[in-house]
Amino acid sequence: MSRLPNADMPRQPALSLVLSLLLAASAQAQGLSATEQRILEQVKAWQPEAIGLLERSARINSGTFNLAGVRATGEVFRKELEALGFKTVWIDMPRDMGRAGHLVANRMGKQGKRLLLLGHLDTVFEPDAPAPLWERENATTARGQGVADMKGGNVVAIAALRALHRAGALENTTITVVFTGDEEEAGHPREVSRRDMIELAKLSDVALSFEGAVTGPDGQPMATVGRRATAFFDLDVKGRQGHSQGVFGPAGYGAVYEAARILDGFRQQVVEPGLTFNPGVILGGTDVTLDEANAKGTAAGKTNVVANTVTVRGDLRYLDYAQRDRAHARMREIVAQSLPGAGATIAFRDSYPPMAVTPGNLKLLDLYSQASLDAGLGAVGAVPATMRGAGDIQFVAPLIDSLDGLGASGGAAHSPNERIDLTSLERSAIRAALLMYRLTR
(Lines give C-alpha, C1' and ligand atoms only; values in the text may rest on other atoms or scores of the structure.)
Protein backbone atom coordinates (compact mmCIF):
# COMPACT_ATOMS: atom_id res chain seq x y z
CA MET A 1 0.00 0.00 0.00
CA SER A 2 1.55 3.33 -1.07
CA ARG A 3 1.46 6.52 0.94
CA LEU A 4 1.25 10.15 -0.11
CA PRO A 5 4.52 12.06 0.26
CA ASN A 6 4.79 14.27 3.32
CA ALA A 7 2.50 12.06 5.28
CA ASP A 8 2.89 14.29 8.31
CA MET A 9 0.84 17.00 6.59
CA PRO A 10 -2.77 17.32 7.73
CA ARG A 11 -4.84 14.93 5.60
CA GLN A 12 -7.38 17.41 4.15
CA PRO A 13 -4.86 20.06 2.99
CA ALA A 14 -2.67 17.35 1.49
CA LEU A 15 -5.59 15.92 -0.50
CA SER A 16 -6.64 19.39 -1.59
CA LEU A 17 -3.13 20.10 -2.87
CA VAL A 18 -2.98 16.81 -4.79
CA LEU A 19 -6.42 17.38 -6.34
CA SER A 20 -5.48 20.93 -7.32
CA LEU A 21 -2.30 19.70 -8.99
CA LEU A 22 -4.19 16.95 -10.84
CA LEU A 23 -6.86 19.36 -12.05
CA ALA A 24 -4.24 21.86 -13.19
CA ALA A 25 -2.35 19.13 -15.05
CA SER A 26 -5.57 17.91 -16.69
CA ALA A 27 -6.50 21.40 -17.84
CA GLN A 28 -3.03 21.95 -19.23
CA ALA A 29 -3.09 18.59 -21.06
CA GLN A 30 -6.45 19.35 -22.59
CA GLY A 31 -5.26 22.67 -23.95
CA LEU A 32 -8.74 24.14 -24.34
CA SER A 33 -9.26 27.87 -24.41
CA ALA A 34 -11.98 29.43 -22.30
CA THR A 35 -14.29 29.60 -25.32
CA GLU A 36 -13.57 25.99 -26.21
CA GLN A 37 -14.34 24.96 -22.66
CA ARG A 38 -17.72 26.70 -22.94
CA ILE A 39 -18.34 24.88 -26.23
CA LEU A 40 -17.61 21.54 -24.58
CA GLU A 41 -19.92 22.36 -21.66
CA GLN A 42 -22.72 23.38 -24.03
CA VAL A 43 -22.50 20.05 -25.88
CA LYS A 44 -22.70 18.12 -22.63
CA ALA A 45 -25.59 20.16 -21.26
CA TRP A 46 -27.70 19.55 -24.39
CA GLN A 47 -27.36 15.78 -24.56
CA PRO A 48 -30.88 14.94 -23.31
CA GLU A 49 -32.29 17.27 -25.98
CA ALA A 50 -29.96 15.75 -28.60
CA ILE A 51 -31.36 12.31 -27.86
CA GLY A 52 -34.85 13.76 -28.05
CA LEU A 53 -34.08 15.26 -31.46
CA LEU A 54 -32.79 11.91 -32.67
CA GLU A 55 -35.96 10.19 -31.48
CA ARG A 56 -38.21 12.75 -33.20
CA SER A 57 -36.38 12.34 -36.51
CA ALA A 58 -36.18 8.53 -36.25
CA ARG A 59 -39.93 8.22 -35.63
CA ILE A 60 -40.51 9.54 -39.16
CA ASN A 61 -40.02 6.89 -41.83
CA SER A 62 -37.80 8.47 -44.46
CA GLY A 63 -36.92 5.70 -46.88
CA THR A 64 -35.43 7.18 -50.04
CA PHE A 65 -38.65 6.61 -51.98
CA ASN A 66 -40.93 7.92 -49.22
CA LEU A 67 -40.71 11.47 -50.49
CA ALA A 68 -43.13 12.90 -47.94
CA GLY A 69 -41.22 11.24 -45.11
CA VAL A 70 -37.89 12.61 -46.32
CA ARG A 71 -39.34 16.12 -46.48
CA ALA A 72 -40.88 15.75 -43.01
CA THR A 73 -37.51 14.69 -41.61
CA GLY A 74 -35.93 17.67 -43.32
CA GLU A 75 -38.47 19.93 -41.63
CA VAL A 76 -37.36 18.67 -38.20
CA PHE A 77 -33.77 19.67 -38.89
CA ARG A 78 -34.73 22.86 -40.73
CA LYS A 79 -36.29 24.25 -37.54
CA GLU A 80 -33.14 23.47 -35.56
CA LEU A 81 -30.90 25.21 -38.10
CA GLU A 82 -33.10 28.29 -38.37
CA ALA A 83 -33.01 28.63 -34.57
CA LEU A 84 -29.21 28.91 -34.90
CA GLY A 85 -29.42 31.79 -37.37
CA PHE A 86 -29.15 29.81 -40.62
CA LYS A 87 -31.16 30.72 -43.69
CA THR A 88 -32.68 27.57 -45.17
CA VAL A 89 -34.10 26.45 -48.50
CA TRP A 90 -35.51 23.18 -49.80
CA ILE A 91 -34.19 22.26 -53.25
CA ASP A 92 -36.66 20.08 -55.15
CA MET A 93 -35.55 17.48 -57.69
CA PRO A 94 -37.31 16.99 -61.05
CA ARG A 95 -40.52 15.01 -60.62
CA ASP A 96 -39.42 12.21 -62.97
CA MET A 97 -36.32 11.60 -60.84
CA GLY A 98 -38.46 10.28 -57.99
CA ARG A 99 -36.43 11.93 -55.25
CA ALA A 100 -37.55 14.34 -52.53
CA GLY A 101 -34.76 16.91 -52.80
CA HIS A 102 -32.29 18.42 -50.36
CA LEU A 103 -32.25 20.74 -47.34
CA VAL A 104 -29.65 23.53 -47.60
CA ALA A 105 -28.84 25.96 -44.78
CA ASN A 106 -26.31 28.76 -44.78
CA ARG A 107 -24.89 31.60 -42.75
CA MET A 108 -22.32 34.04 -44.12
CA GLY A 109 -19.28 35.69 -42.60
CA LYS A 110 -15.72 36.71 -43.35
CA GLN A 111 -13.77 34.79 -40.75
CA GLY A 112 -11.68 31.64 -41.18
CA LYS A 113 -12.35 28.67 -43.42
CA ARG A 114 -15.65 28.35 -45.23
CA LEU A 115 -17.20 25.05 -44.11
CA LEU A 116 -19.52 22.66 -45.96
CA LEU A 117 -21.26 20.18 -43.62
CA LEU A 118 -22.87 17.08 -45.14
CA GLY A 119 -25.56 14.73 -43.92
CA HIS A 120 -28.53 12.87 -45.35
CA LEU A 121 -32.18 12.60 -44.43
CA ASP A 122 -33.10 9.34 -46.16
CA THR A 123 -32.62 5.77 -44.96
CA VAL A 124 -32.71 2.36 -46.63
CA PHE A 125 -35.95 1.55 -44.76
CA GLU A 126 -39.09 2.07 -46.84
CA PRO A 127 -42.51 2.28 -45.09
CA ASP A 128 -43.05 -1.50 -45.17
CA ALA A 129 -39.64 -2.31 -43.69
CA PRO A 130 -39.68 -4.83 -40.78
CA ALA A 131 -37.68 -2.59 -38.47
CA PRO A 132 -38.72 -0.42 -35.51
CA LEU A 133 -38.73 3.32 -36.05
CA TRP A 134 -37.37 3.89 -32.54
CA GLU A 135 -36.84 1.56 -29.63
CA ARG A 136 -34.87 2.52 -26.55
CA GLU A 137 -32.92 -0.55 -25.41
CA ASN A 138 -31.31 0.86 -22.29
CA ALA A 139 -29.70 4.04 -20.98
CA THR A 140 -26.97 4.03 -23.61
CA THR A 141 -28.36 2.37 -26.75
CA ALA A 142 -31.38 2.59 -29.04
CA ARG A 143 -32.54 0.72 -32.13
CA GLY A 144 -34.25 2.33 -35.07
CA GLN A 145 -34.43 3.11 -38.75
CA GLY A 146 -31.37 5.12 -39.71
CA VAL A 147 -30.43 5.99 -36.13
CA ALA A 148 -26.76 5.43 -36.96
CA ASP A 149 -26.90 5.92 -40.73
CA MET A 150 -27.34 8.74 -40.43
CA LYS A 151 -29.90 10.59 -38.39
CA GLY A 152 -27.48 10.30 -35.49
CA GLY A 153 -24.87 12.07 -37.59
CA ASN A 154 -27.30 14.87 -38.40
CA VAL A 155 -27.93 15.31 -34.68
CA VAL A 156 -24.17 15.45 -34.03
CA ALA A 157 -23.87 18.27 -36.58
CA ILE A 158 -26.78 20.17 -34.99
CA ALA A 159 -25.39 19.65 -31.48
CA ALA A 160 -21.96 20.94 -32.53
CA LEU A 161 -23.43 24.00 -34.28
CA ARG A 162 -25.69 24.73 -31.33
CA ALA A 163 -22.75 24.62 -28.92
CA LEU A 164 -20.82 27.05 -31.13
CA HIS A 165 -23.86 29.31 -31.27
CA ARG A 166 -24.35 29.30 -27.50
CA ALA A 167 -20.67 30.09 -27.01
CA GLY A 168 -20.87 33.02 -29.43
CA ALA A 169 -18.54 31.27 -31.88
CA LEU A 170 -20.79 31.20 -34.96
CA GLU A 171 -20.68 34.94 -35.50
CA ASN A 172 -18.94 36.06 -38.73
CA THR A 173 -18.42 32.47 -39.94
CA THR A 174 -19.42 30.98 -43.29
CA ILE A 175 -20.99 27.56 -42.86
CA THR A 176 -23.23 25.73 -45.32
CA VAL A 177 -25.18 22.62 -44.37
CA VAL A 178 -26.46 20.19 -47.02
CA PHE A 179 -28.69 17.33 -45.87
CA THR A 180 -29.48 15.34 -49.01
CA GLY A 181 -32.68 13.37 -49.46
CA ASP A 182 -31.30 10.52 -51.55
CA GLU A 183 -27.84 9.49 -50.33
CA GLU A 184 -28.80 5.85 -49.97
CA GLU A 185 -29.75 5.75 -53.65
CA ALA A 186 -28.71 8.95 -55.39
CA GLY A 187 -31.00 10.09 -58.15
CA HIS A 188 -30.06 9.85 -61.83
CA PRO A 189 -28.57 11.67 -63.53
CA ARG A 190 -25.97 12.44 -60.85
CA GLU A 191 -25.20 15.68 -62.70
CA VAL A 192 -28.62 16.87 -61.52
CA SER A 193 -28.99 15.22 -58.12
CA ARG A 194 -25.54 16.38 -56.93
CA ARG A 195 -25.23 19.61 -58.93
CA ASP A 196 -26.11 21.96 -56.07
CA MET A 197 -23.80 20.20 -53.62
CA ILE A 198 -20.90 20.46 -56.06
CA GLU A 199 -21.57 24.14 -56.72
CA LEU A 200 -21.67 24.85 -52.99
CA ALA A 201 -18.38 22.99 -52.57
CA LYS A 202 -16.78 25.39 -55.04
CA LEU A 203 -17.71 28.20 -52.63
CA SER A 204 -16.23 26.37 -49.63
CA ASP A 205 -12.77 25.50 -48.31
CA VAL A 206 -13.42 22.37 -46.25
CA ALA A 207 -16.05 19.61 -46.31
CA LEU A 208 -16.99 17.71 -43.15
CA SER A 209 -19.36 14.76 -43.43
CA PHE A 210 -21.24 13.25 -40.51
CA GLU A 211 -21.58 9.66 -41.66
CA GLY A 212 -21.23 7.14 -38.84
CA ALA A 213 -18.04 7.06 -36.82
CA VAL A 214 -15.85 3.96 -36.89
CA THR A 215 -14.06 2.44 -33.92
CA GLY A 216 -10.86 0.44 -34.40
CA PRO A 217 -10.24 -3.04 -32.94
CA ASP A 218 -8.53 -1.44 -29.95
CA GLY A 219 -11.41 0.95 -29.34
CA GLN A 220 -9.67 3.92 -30.96
CA PRO A 221 -11.99 6.37 -32.73
CA MET A 222 -11.31 6.64 -36.47
CA ALA A 223 -12.28 9.06 -39.23
CA THR A 224 -12.34 8.75 -43.00
CA VAL A 225 -9.77 10.45 -45.24
CA GLY A 226 -10.43 8.32 -48.33
CA ARG A 227 -13.15 6.26 -49.99
CA ARG A 228 -12.99 4.09 -53.07
CA ALA A 229 -14.95 5.05 -56.14
CA THR A 230 -17.94 2.97 -57.08
CA ALA A 231 -18.58 2.02 -60.68
CA PHE A 232 -20.08 -0.77 -62.78
CA PHE A 233 -19.09 -3.10 -65.57
CA ASP A 234 -21.48 -4.56 -68.16
CA LEU A 235 -20.25 -7.78 -69.77
CA ASP A 236 -22.24 -9.18 -72.69
CA VAL A 237 -21.15 -12.52 -74.14
CA LYS A 238 -22.28 -14.24 -77.32
CA GLY A 239 -21.64 -17.82 -78.46
CA ARG A 240 -22.54 -20.06 -81.39
CA GLN A 241 -25.66 -22.03 -80.51
CA GLY A 242 -25.60 -25.73 -81.35
CA HIS A 243 -26.01 -29.31 -80.15
CA SER A 244 -24.24 -29.99 -76.88
CA GLN A 245 -22.49 -33.05 -78.31
CA GLY A 246 -20.44 -30.70 -80.44
CA VAL A 247 -19.21 -28.40 -77.68
CA PHE A 248 -15.40 -27.87 -77.79
CA GLY A 249 -15.54 -28.82 -81.46
CA PRO A 250 -15.93 -26.77 -84.65
CA ALA A 251 -19.04 -25.07 -83.21
CA GLY A 252 -16.95 -23.62 -80.40
CA TYR A 253 -17.31 -23.31 -76.65
CA GLY A 254 -20.48 -21.26 -76.35
CA ALA A 255 -21.29 -18.22 -74.25
CA VAL A 256 -21.15 -19.80 -70.80
CA TYR A 257 -17.59 -21.08 -71.08
CA GLU A 258 -16.53 -17.76 -72.55
CA ALA A 259 -18.09 -15.86 -69.64
CA ALA A 260 -16.42 -18.21 -67.16
CA ARG A 261 -13.05 -17.69 -68.85
CA ILE A 262 -13.39 -13.93 -68.73
CA LEU A 263 -14.51 -13.72 -65.11
CA ASP A 264 -11.82 -16.09 -63.91
CA GLY A 265 -9.29 -14.09 -65.94
CA PHE A 266 -10.38 -10.97 -64.07
CA ARG A 267 -9.96 -12.81 -60.76
CA GLN A 268 -6.46 -14.01 -61.51
CA GLN A 269 -4.99 -11.19 -63.58
CA VAL A 270 -6.59 -7.90 -62.54
CA VAL A 271 -5.06 -7.79 -59.08
CA GLU A 272 -4.07 -4.64 -57.18
CA PRO A 273 -4.40 -3.59 -53.52
CA GLY A 274 -7.67 -1.70 -53.05
CA LEU A 275 -9.20 -2.85 -56.37
CA THR A 276 -12.27 -5.08 -56.37
CA PHE A 277 -14.82 -6.20 -58.95
CA ASN A 278 -17.89 -8.29 -58.25
CA PRO A 279 -20.15 -9.96 -60.83
CA GLY A 280 -23.38 -9.45 -58.93
CA VAL A 281 -25.87 -10.59 -61.58
CA ILE A 282 -25.25 -13.28 -64.22
CA LEU A 283 -27.79 -14.76 -66.63
CA GLY A 284 -27.01 -17.37 -69.27
CA GLY A 285 -28.78 -19.60 -71.77
CA THR A 286 -30.48 -19.36 -75.12
CA ASP A 287 -33.13 -16.87 -74.03
CA VAL A 288 -32.02 -14.14 -71.62
CA THR A 289 -33.79 -10.98 -70.46
CA LEU A 290 -32.46 -8.45 -67.97
CA ASP A 291 -34.49 -5.89 -66.04
CA GLU A 292 -31.76 -3.27 -65.56
CA ALA A 293 -33.82 -1.00 -63.31
CA ASN A 294 -34.47 -3.73 -60.75
CA ALA A 295 -31.27 -5.76 -61.22
CA LYS A 296 -33.08 -8.99 -62.02
CA GLY A 297 -33.96 -11.08 -65.04
CA THR A 298 -34.79 -14.46 -66.53
CA ALA A 299 -32.82 -17.11 -68.39
CA ALA A 300 -33.87 -20.25 -70.23
CA GLY A 301 -32.01 -22.99 -72.04
CA LYS A 302 -31.60 -26.74 -72.38
CA THR A 303 -28.82 -28.98 -71.17
CA ASN A 304 -28.36 -30.41 -74.68
CA VAL A 305 -27.99 -26.99 -76.31
CA VAL A 306 -24.83 -24.85 -76.28
CA ALA A 307 -25.87 -21.49 -74.79
CA ASN A 308 -25.63 -18.45 -77.04
CA THR A 309 -25.93 -15.60 -74.49
CA VAL A 310 -24.58 -14.60 -71.12
CA THR A 311 -25.24 -11.23 -69.48
CA VAL A 312 -23.20 -10.08 -66.48
CA ARG A 313 -23.60 -6.91 -64.45
CA GLY A 314 -20.97 -6.14 -61.85
CA ASP A 315 -19.60 -3.68 -59.32
CA LEU A 316 -16.11 -2.13 -59.70
CA ARG A 317 -14.33 -0.20 -56.92
CA TYR A 318 -11.01 1.61 -57.17
CA LEU A 319 -8.84 4.00 -55.15
CA ASP A 320 -8.10 6.56 -57.86
CA TYR A 321 -8.53 7.18 -61.57
CA ALA A 322 -5.10 5.80 -62.47
CA GLN A 323 -6.05 2.48 -60.88
CA ARG A 324 -9.38 2.57 -62.70
CA ASP A 325 -7.70 3.10 -66.06
CA ARG A 326 -5.27 0.21 -65.48
CA ALA A 327 -8.14 -2.08 -64.54
CA HIS A 328 -10.19 -1.06 -67.57
CA ALA A 329 -7.29 -1.72 -69.93
CA ARG A 330 -6.48 -5.14 -68.52
CA MET A 331 -10.13 -6.23 -68.41
CA ARG A 332 -10.57 -5.23 -72.05
CA GLU A 333 -7.49 -7.29 -72.99
CA ILE A 334 -8.92 -10.36 -71.25
CA VAL A 335 -12.30 -9.94 -72.93
CA ALA A 336 -10.65 -9.74 -76.34
CA GLN A 337 -8.96 -13.16 -76.01
CA SER A 338 -12.07 -15.02 -77.14
CA LEU A 339 -12.55 -18.77 -77.18
CA PRO A 340 -13.49 -20.31 -80.56
CA GLY A 341 -17.08 -19.63 -81.52
CA ALA A 342 -17.59 -16.91 -78.92
CA GLY A 343 -17.03 -13.22 -78.36
CA ALA A 344 -17.81 -10.54 -75.80
CA THR A 345 -18.01 -6.82 -75.19
CA ILE A 346 -17.46 -4.93 -71.95
CA ALA A 347 -18.53 -1.42 -70.98
CA PHE A 348 -17.86 0.62 -67.84
CA ARG A 349 -20.02 3.14 -66.00
CA ASP A 350 -18.76 5.42 -63.25
CA SER A 351 -21.01 6.22 -60.29
CA TYR A 352 -19.33 7.82 -57.24
CA PRO A 353 -15.91 9.44 -57.77
CA PRO A 354 -13.02 8.43 -55.53
CA MET A 355 -12.18 10.33 -52.36
CA ALA A 356 -8.42 10.18 -52.67
CA VAL A 357 -6.21 10.28 -49.56
CA THR A 358 -4.65 13.73 -49.98
CA PRO A 359 -2.26 15.79 -47.82
CA GLY A 360 -5.14 18.21 -47.17
CA ASN A 361 -7.41 15.43 -45.92
CA LEU A 362 -4.64 14.09 -43.68
CA LYS A 363 -4.07 17.58 -42.24
CA LEU A 364 -7.78 17.78 -41.40
CA LEU A 365 -7.50 14.44 -39.64
CA ASP A 366 -4.54 15.77 -37.63
CA LEU A 367 -6.58 18.81 -36.56
CA TYR A 368 -9.55 16.62 -35.66
CA SER A 369 -7.37 14.23 -33.69
CA GLN A 370 -5.72 17.11 -31.81
CA ALA A 371 -9.13 18.52 -30.91
CA SER A 372 -10.11 15.09 -29.59
CA LEU A 373 -6.90 14.84 -27.58
CA ASP A 374 -7.35 18.32 -26.15
CA ALA A 375 -10.86 17.38 -25.03
CA GLY A 376 -9.54 14.26 -23.31
CA LEU A 377 -11.18 11.91 -25.83
CA GLY A 378 -8.05 10.29 -27.27
CA ALA A 379 -6.34 10.39 -30.66
CA VAL A 380 -8.32 9.68 -33.84
CA GLY A 381 -6.92 7.31 -36.46
CA ALA A 382 -7.62 6.90 -40.17
CA VAL A 383 -10.04 4.34 -41.59
CA PRO A 384 -8.55 2.45 -44.56
CA ALA A 385 -10.30 3.55 -47.74
CA THR A 386 -11.23 -0.06 -48.52
CA MET A 387 -13.37 -0.25 -45.37
CA ARG A 388 -15.89 2.42 -46.39
CA GLY A 389 -18.58 2.28 -49.02
CA ALA A 390 -19.89 5.12 -51.13
CA GLY A 391 -20.83 8.47 -49.61
CA ASP A 392 -21.90 11.94 -50.65
CA ILE A 393 -18.56 13.44 -49.67
CA GLN A 394 -17.02 11.76 -52.71
CA PHE A 395 -18.73 14.27 -54.99
CA VAL A 396 -16.98 17.20 -53.33
CA ALA A 397 -13.68 15.65 -52.21
CA PRO A 398 -12.03 16.23 -55.62
CA LEU A 399 -12.64 19.96 -55.10
CA ILE A 400 -11.81 20.70 -51.44
CA ASP A 401 -10.12 19.16 -48.40
CA SER A 402 -12.53 16.65 -46.86
CA LEU A 403 -13.04 14.54 -43.75
CA ASP A 404 -15.81 12.00 -43.11
CA GLY A 405 -17.00 9.79 -40.29
CA LEU A 406 -17.72 12.60 -37.82
CA GLY A 407 -21.10 11.15 -36.85
CA ALA A 408 -22.33 8.82 -34.15
CA SER A 409 -21.16 5.28 -33.44
CA GLY A 410 -23.49 2.34 -33.90
CA GLY A 411 -23.85 -1.03 -35.50
CA ALA A 412 -25.88 -3.30 -37.80
CA ALA A 413 -26.57 -0.43 -40.21
CA HIS A 414 -29.11 -1.14 -42.96
CA SER A 415 -30.58 -4.01 -40.93
CA PRO A 416 -33.63 -4.32 -38.64
CA ASN A 417 -31.17 -4.33 -35.74
CA GLU A 418 -29.53 -0.99 -36.58
CA ARG A 419 -28.54 0.63 -33.31
CA ILE A 420 -26.74 3.66 -31.98
CA ASP A 421 -24.48 4.24 -29.01
CA LEU A 422 -26.22 7.26 -27.53
CA THR A 423 -23.13 8.24 -25.53
CA SER A 424 -21.28 8.75 -28.81
CA LEU A 425 -23.49 11.73 -29.68
CA GLU A 426 -21.70 13.77 -27.02
CA ARG A 427 -18.16 12.66 -27.89
CA SER A 428 -18.62 13.18 -31.61
CA ALA A 429 -20.29 16.58 -31.16
CA ILE A 430 -17.44 17.77 -28.94
CA ARG A 431 -14.81 16.74 -31.48
CA ALA A 432 -16.75 18.27 -34.38
CA ALA A 433 -17.49 21.52 -32.57
CA LEU A 434 -13.86 22.05 -31.57
CA LEU A 435 -12.67 21.26 -35.09
CA MET A 436 -15.14 23.71 -36.62
CA TYR A 437 -14.22 26.36 -34.08
CA ARG A 438 -10.53 26.06 -34.88
CA LEU A 439 -11.09 26.00 -38.63
CA THR A 440 -13.18 29.18 -38.51
CA ARG A 441 -10.85 31.24 -36.32
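In what follows, the structure referred to is the one given above.
Please read these numbers as outputs of a predicted model, since none were measured by experiment.

**Overview of the packing of helix H10 (residues 359-374) against helix H11 (residues 423-439)**
- Running from N to C, H10 and H11 point in directions that differ by 120°, and their axes come no closer than 9 Å. Taken together, the axes of H10 and H11 are oblique relative to one another. In the crossing of H10 with H11, the sense of the turn from one axis to the other is right-handed. Only Arg431, Ala432, Leu434, Leu435, Arg438 and Leu439 of H11 make contact with H10, whose side of the interface consists of Leu364, Leu367, Tyr368, Gln370, Ala371, Ser372 and Asp374.
- Here the residues of the contact of H10 with H11 sort into 8 nonpolar, 2 polar and 3 charged.

**Quick notes on the nonpolar core**
- Counting 68 residues, the largest nonpolar core has Leu161, Leu208 and Leu403 as the members making the most contacts within it.
- Looking at this core element by element, the count peaks at 11 residues for helix H5 (residues 147-166).
- Among residues more than four places away in sequence, those in contact with leucine 208 are Leu116, Leu117, Leu118, Leu403, Leu406, Leu435, Met436 and Leu439.
- Phe233, Ala259, Phe277 and Ile346 belong to the second-largest nonpolar core, a separate cluster that totals 23 residues.

**Thoughts on the sheet that holds strand S17 (residues 342-352)**
- In space, the 4 strands of this open sheet follow the order S12-S16-S10-S17, with antiparallel pairing throughout. For this open sheet the edge positions go to strand S12 (276-285) and S17, each flanked by a neighbour on one side alone. The sheet shows a mean angle of 15° between the axes of neighbouring strands, taken without regard to direction.
- As paired strands, strand S10 (residues 229-239) and S17 are joined by 10 bridges and run antiparallel to one another. Residue alanine 231 lies in a different strand from S17, and its bridge partner there is aspartate 350.

**Regarding unusual backbone geometry**
- With an omega dihedral of -10°, the bond running from aspartate 149 to methionine 150 counts as a cis peptide bond.
- With respect to the helices, strands and loops of the structure, methionine 150 is situated in helix H5.
- With omega at -5°, the peptide bond leading from histidine 188 into proline 189 counts as cis.
- Within the secondary structure, proline 189 is located in the loop between strand S6 (173-180) and helix H6 (190-193).
- At alanine 412, a position not held by glycine, the phi torsion is positive, near 55°.
- Along the polypeptide, alanine 412 turns up in the loop between strand S20 (410-411) and strand S21 (419-421).
- Its relative accessible area of 37% is what places alanine 412 among the partly exposed residues.
- In this structure, histidine 414 is a non-glycine residue whose phi angle is positive, near 70°.
- Secondary-structure assignment places histidine 414 in the loop between S20 and S21.
- Classification of histidine 414 as partly exposed rests on a relative accessible area of 42%.

**As for the pattern of salt bridges**
- A complete count under the given rule lists 26 salt bridges for this structure.
- Lysine 202 is paired through a salt bridge with glutamate 199; the nearest N and O atoms lie 3.1 Å apart.
- One network of salt bridges, in which partners are shared, links Asp234, Asp236, Glu292, Arg313 and Arg349.

**Quick notes on the environment of leucine 54**
- Within the secondary structure, leucine 54 sits in helix H3 (residues 47-58).
- You can call leucine 54 buried: its relative accessible area is 0%.
- Expressed as a C-alpha distance, the spacing of leucine 54 and tyrosine 318, which sit 264 residues apart in the sequence, is 34 Å.
- The contact partners of leucine 54, leaving out residues within four places of it in the chain, are Trp134, Val147, Lys151, Gly152, Val155, Ile420, Leu422 and Leu425.

**Regarding the packing of helix H8 (residues 254-269) against helix H9 (residues 321-336)**
- It is the contact of H8 with H9, at a shortest axis distance of 9 Å, that shows an interaxial angle of 145°. Two packed elements cross with a definite hand, and for H8 against H9 that hand is right-handed. For the pair formed by H8 and H9, the contact residues are Glu258, Arg261, Ile262, Gly265, Phe266 and Gln269 on the first element and Arg330, Met331, Ile334 and Val335 on the second.
- Grouping the amino acids of the contact of H8 with H9 by side-chain chemistry returns 5 nonpolar, 2 polar and 3 charged.

**Comments concerning H3**
- Given a rise of 1.5 Å per residue, 12 residues ought to cover 16 Å, and the 16 Å separating the end C-alpha atoms of H3 matches this to within 8%.
- Looking at the buried side of H3, the elements it contacts are helix H2 (34-45), helix H4 (67-83), strand S4 (134-136), H5, S21 and H11.

**Comments concerning H9**
- If you check H9, its first and last C-alpha atoms are 23 Å apart, about what 16 residues at 1.5 Å a residue would give, namely 22 Å.
- On its buried side, H9 packs onto S10, H8, strand S16 (309-318) and S17.

**A few points about the sheet that holds S4**
- With respect to topology, 4 strands assemble into an open sheet ordered S4-S5-S21-S20, the strand pairing being antiparallel. For this open sheet the edge positions go to S4 and S20, each flanked by a neighbour on one side alone.
- Here 3 bridges tie strand S5 (residues 141-144) to S21, and the two strands are oriented antiparallel to one another. Among the inter-strand pairings, arginine 143 is bridged to a residue of S21, identified as arginine 419.
- Together, S4 and S21 form the strand contacts of H3, whose direction differs from that of S4 by roughly 145°.

Thresholds, definitions, all that
- Residues numbered from 1 in each chain as written.
- Predicted model: local features only at pLDDT ≥ 70, side-chain atom pairs only at ≥ 80, totals over all residues.
- Heavy atoms only, no water.
- Axes fitted to C-alpha atoms, helices over the stretch in contact; angles between N-to-C directions.
- Helix = DSSP H or I, 4+ residues; strand = E, 2+ residues; numbered from the N terminus.
- Parallel < 35°, antiparallel > 145°, perpendicular 65-115°, else oblique.
- Left-handed = near helix turned anticlockwise from the far one by under 90°.
- Contact = heavy atoms within 4.5 Å.
- Nonpolar A, V, L, I, M, F, W, Y, C, P; charged D, E, K, R; others polar.
- Core = buried A, V, L, I, M, F, W, Y, C linked by side-chain atoms within 4.5 Å.
- Buried < 20%, exposed > 50% of the residue type's maximum accessible area, 1.4 Å probe, protein only.
- Pairing = 2+ DSSP bridges.
- Salt bridge = Lys/Arg side-chain N within 4 Å of Asp/Glu carboxyl O.
- Expected span 1.5 Å × (residues − 1).

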